[in-house]
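Analysis of the macromolecular model
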Amino acid sequence: MSGPGNRAQWASNLGFLLAAAGSAVGLGNIWKFPGKAYEGGGGAFILIYIAIIALVGATVMLAEFIIGRATQKNAVGAFCQLRPAWKWVGGMGIFTGFIILCYYSHVGGWVLYYLCGYLTDAAAISADPTAYFYRMLGVGSGFPWGGAGLFPLLFAALTVFVVVKGVAGGIERLNKVAMPLLFLLLILLMVRAVTLPGAMDGLRYMLQPDFSLLTWNDVLVALGQAFFSLSLGMGIMCTYGSYLSRKENLGRNVGIICTLDTLVAVLAGFTVIPAVFATLSASGVGKGAGFVFTAMPGVFQAMPGGVFWAILFYLLLFFAALTSSISLLEGTVAYLTEQRGFSRKHASLALGVILFGIGLIYTLSQGHADIHGIWLDKNGISYPIFGDMLEFLTDRLLLPLGGLLFCIFAGWVWGTKNGIAEVRQGGRFRFPLAGLWSLLVRFVAPAAIACILIAGIVFG
Ligand code: PFF
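It should be emphasised that the depicted structure is a prediction, and the values quoted were computed from it without experimental measurement. (Residues numbered from 1 in each chain as written. Predicted model: local features only at pLDDT ≥ 70, side-chain atom pairs only at ≥ 80, totals over all residues. Heavy atoms only, no water.)

Quick look at the overall build of the protein now. Regarding its fold elements, the protein presents 21 helices and zero strands. For 460 residues, the compact-globule estimate of 2.2 N^0.38 gives 23 Å, and the protein sits close to it at 21 Å. With respect to the principal axes defined by its C-alpha atoms, the protein has extents near 60 × 50 × 45 Å. A burial count over the protein gives 60% of its 460 residues as buried. Long-range contacts, defined as pairs at least 24 residues apart, comprise 81% of the intrachain contacts of the protein with a sequence gap of at least 6. When the accessible area of the protein is evaluated, it comes to approximately 17,400 Å², of which 68% is carbon and sulfur surface. Taking the average location of the 27 positive side-chain charges in the protein and that of its 18 negative ones, the two points are 14 Å from each other. (Helix = DSSP H or I, 4+ residues; strand = E, 2+ residues; numbered from the N terminus. Rg over C-alpha atoms; globule rule 2.2 N^0.38 Å. Buried < 20%, exposed > 50% of the residue type's maximum accessible area, 1.4 Å probe, protein only. Contact = heavy atoms within 4.5 Å. Areas by Shrake-Rupley, 256 points an atom, 1.4 Å probe, with all protein chains shown as cover. Lys, Arg positive; Asp, Glu negative; His and termini not counted. Charge placed at Lys NZ, Arg CZ, Asp CG, Glu CD.)

Structure representation (structure tokens):
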């Protein structure tokens, strides 16, 4: 980023696109999405997810970009400028992003652990991927100093380092290569996964939508997943939009980012779920949180040069996770430095320590939720639902709520006239979907979010 005065700006539209897509494409697409799609019944979940992205996700993303670019401020600053009474919405978003980062950085650490595992002792992973996964979490073997303790710490330290040093520019350049590579690799892995013996059942699960299996809770999960995956509902895209020059077309950017992000998620789903059916025994199938760690090794094993592909996969996943976690930390740090007067270094370091601590409970509770007897029990403390609780609070409550408030603000409080003018820039850009966007942001998206939120919580 570079720019006149003290307000940074993306050097080009490509820089912005890469940063926004780098924030969107991450663990949400490859680690979370396949597990959620599996638990939500496969094909039906995916169709609902795509409908939500098209009708709600893209609408909210454009609203966030508009508010950010119109004010050239971070989420809290933007609301302060337009309607100060709304600044708490920005604050809520920052809180949500930080809670997400607590567990996100730990899963990033798991990726790092697998990367090192494949580099040093691939045979140990291939021998029994599920056992390897639980060993990392320390299930049955005391505190996992060398696994879920050390590697998430490394990942958090790296995130803090990048945010303190502001070397995001280098990471962005790296992303230019890493993202297309990840995309190509996913296509290759998908072809291998769906041709594994036994994968057909998985493919059928994905291609034959059975809506009778879908509950309101699944729809709410799809909504939360859409917000999570597109980095919406917490003002991060608002902040990213604020660094964008008025010479760029917001509508087109929204289309590109939503399409890319959804493609990566769906590709990952069509890779991981057939692999789950092909490689995991019935007892191993059950919880989606570990699929990318427990089922993918089976795909690598079935490929010539599998260790090479595995290293490449976890390396690219690591970069995708890092660019997303940087954006999450940057959101909170930008607030603490710009609005609260903290130094960048102190804010990043203090947040790093807190997020590692909270995330540790998440990591340990993962093992506990599946297998009893984890060390936490021996100390008389147990957090069996801590991980689920964090996800419930963020994905199913705060993100949809944040998205709803952004819609109400853009549609009713600040008004769509202002929003459409911000996109059109006095006629520089055509915005043929202006009428549709008005309808979506004022009526369809808020009503859909509110209905799904209430039905998901009340009827489950
Ligand atoms: N969208 C990222 C992913 O799918 O992995 C996660 C994320 C990044 C969520 C940034 C929220 C955010 F602000």
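Structure shown, so let's carry the discussion forward.
On to the nonpolar core, then. Core analysis: the largest hydrophobic core is formed by 163 residues, its most contacted members being Tyr114, Phe293, Phe313 and Tyr314. When residues in this core are grouped by element, the largest group, 18 residues, is from helix α5 (residues 87-120). The contacts of phenylalanine 293, once residues within four sequence positions are left out, are Trp31, Val107, Trp110, Val111, Tyr114, Pro129, Phe133 and Tyr314. (Core = buried A, V, L, I, M, F, W, Y, C linked by side-chain atoms within 4.5 Å.)

In this section: the state of the cysteines. Following the criterion strictly, the structure yields zero disulfides and no others. Between cysteine 407, a cysteine without a disulfide, and cysteine 258, which holds the nearest cysteine sulfur, the sulfur-to-sulfur distance is 13 Å. Not part of a disulfide, cysteine 451 finds its nearest cysteine sulfur in cysteine 407, a span of 13 Å. Here cysteine 451 falls in the partly exposed class, since its relative accessible area comes to 48%. (Disulfide = S-S within 2.5 Å.)

A few words now on the site of the ligand. Around the ligand, the surrounding shell holds 15 residues, and the nearest of these are Ala24, Leu27, Gly28, Tyr104 and Phe228. Between the ligand and the protein, one listed contact pairs a nitrogen atom with a backbone N or O atom of serine 23 at 3.1 Å. In this structure, glycine 28 approaches the ligand through a main-chain N or O atom, which is 2.7 Å from an oxygen atom. For the ligand, whose unbound accessible area comes to 340 Å², protein coverage reaches 100%. The cavity where the ligand resides is the largest cavity. Among the secondary structure elements, those contributing two or more residues to the shell around the ligand are α1 (13-24), α2 (27-39), α11 (216-229) and α16 (306-338). Split by residue class, the shell around the ligand holds seven nonpolar, eight polar and no charged. (Near = heavy atom within 4 Å. Polar contact = N/O pair within 3.5 Å; in protein donor to acceptor, adjacent residues only side chain to side chain. 1 Å grid on protein atoms, 1.4 Å probe; cavity = no way out; pocket = protein on both sides within 12 Å on 5 of 7 lines; lining within 4 Å. Sits in = over half its atoms within 2 Å of the grid points. Nonpolar A, V, L, I, M, F, W, Y, C, P; charged D, E, K, R; others polar.)

Quantified by volume, the second largest pocket comes out at close to 350 Å³. Along the walls of the second largest pocket sit 19 residues, with Ala58, Gly251, Val254, Gly255 and Leu433 positioned nearest its centre. Listing elements by their share of the lining of the second largest pocket, those giving two or more residues are α3 (43-71), α13 (250-279) and α21 (434-458). Take the lining of the second largest pocket: its biggest share by element is six residues, from α13. Of the residues assigned to the lining of the second largest pocket, the class counts are twelve nonpolar, six polar and one charged. (Points joined across faces, edges and corners; volume = space filled by probe spheres on them.)

With that settled, consider the packing of α1 against α13. Each packed pair of helices is defined by two parameters, the angle between the axes and the distance between the axes. The interhelical angle for the contact between α1 and α13, taken along N-to-C directions, is 35°, at an axis separation of 10 Å. The handedness of the crossing between α1 and α13 is right-handed. Residues Asn13, Phe16, Leu17, Ala20, Ala21 and Ala24 of α1 form the contact with α13, whose own contacting residues are Arg252, Asn253, Ile256, Ile257, Leu260 and Asp261. When its residues are assigned to classes, the contact of α1 with α13 shows eight nonpolar, two polar and two charged. (Axes fitted to C-alpha atoms, helices over the stretch in contact; angles between N-to-C directions. Left-handed = near helix turned anticlockwise from the far one by under 90°.)

Let us now look at the pattern of salt bridges. Counted under the stated rule, the structure contains seven salt bridges. Its salt-bridge partner being arginine 204, residue aspartate 201 comes within 3.0 Å of it at the nearest N-O pair. Note that aspartate 201 and arginine 204 are positioned in helix α10 (residues 199-207) at a spacing of three residues, about one turn of the helix. For aspartate 201, a relative accessible area of 42% gives the class partly exposed. One continuous salt-bridge network, built from bridges that share partners, spans Lys32, Lys36, Glu391 and Asp395. (Salt bridge = Lys/Arg side-chain N within 4 Å of Asp/Glu carboxyl O.)

Here we come to α10. Those residues of α10 that sit buried are Ala199, Gly202, Leu203 and Met206. Across the axial projection of α10, the buried residues extend over an arc of 100°, all falling on one side. (Arc of directions from axis to C-beta.)

With that out of the way, let us pick up empty space enclosed by the protein. Applying the stated rule across the entire model yields five cavities of 30 Å³ or more. Estimated volume of the largest cavity: approximately 130 Å³. Of all elements in the fold, only α1, α2, α5, α11 and α16 reach the threshold of two or more residues within the lining of the largest cavity. Element by element, the count of residues in the lining of the largest cavity is highest for α16, at three residues. Taken together, the residues that form the lining of the largest cavity break down as eight nonpolar, seven polar and no charged. As a volume, the second largest cavity reaches approximately 90 Å³. In this structure, the second largest cavity is lined by 14 residues; those nearest its centre are Ile94, Met234, Ile236, Gly331 and Thr332. Looking at the lining of the second largest cavity, the elements with two or more residues in it are α5, α12 (236-242) and α16. Classifying every residue of the lining of the second largest cavity by side-chain character gives seven nonpolar, seven polar and no charged.

Let's shift gears to the packing of α5 against helix α7 (residues 129-137). Interaxial distance between α5 and α7 falls to 11 Å at its minimum, and their mutual angle equals 125°. By the criterion of interaxial angle, the relationship of α5 to α7 is oblique. Of the two possible hands of crossing, α5 and α7 adopt the one that is right-handed. The residues of α7 that touch α5, namely those facing Trp110, Tyr113, Tyr114 and Gly117, are Pro129, Tyr132, Phe133, Met136 and Leu137. Looking at the contact of α5 with α7 residue by residue, the classes come out as eight nonpolar, one polar and no charged. (Parallel < 35°, antiparallel > 145°, perpendicular 65-115°, else oblique.)

Taken by themselves, the reported measurements are silent on function.
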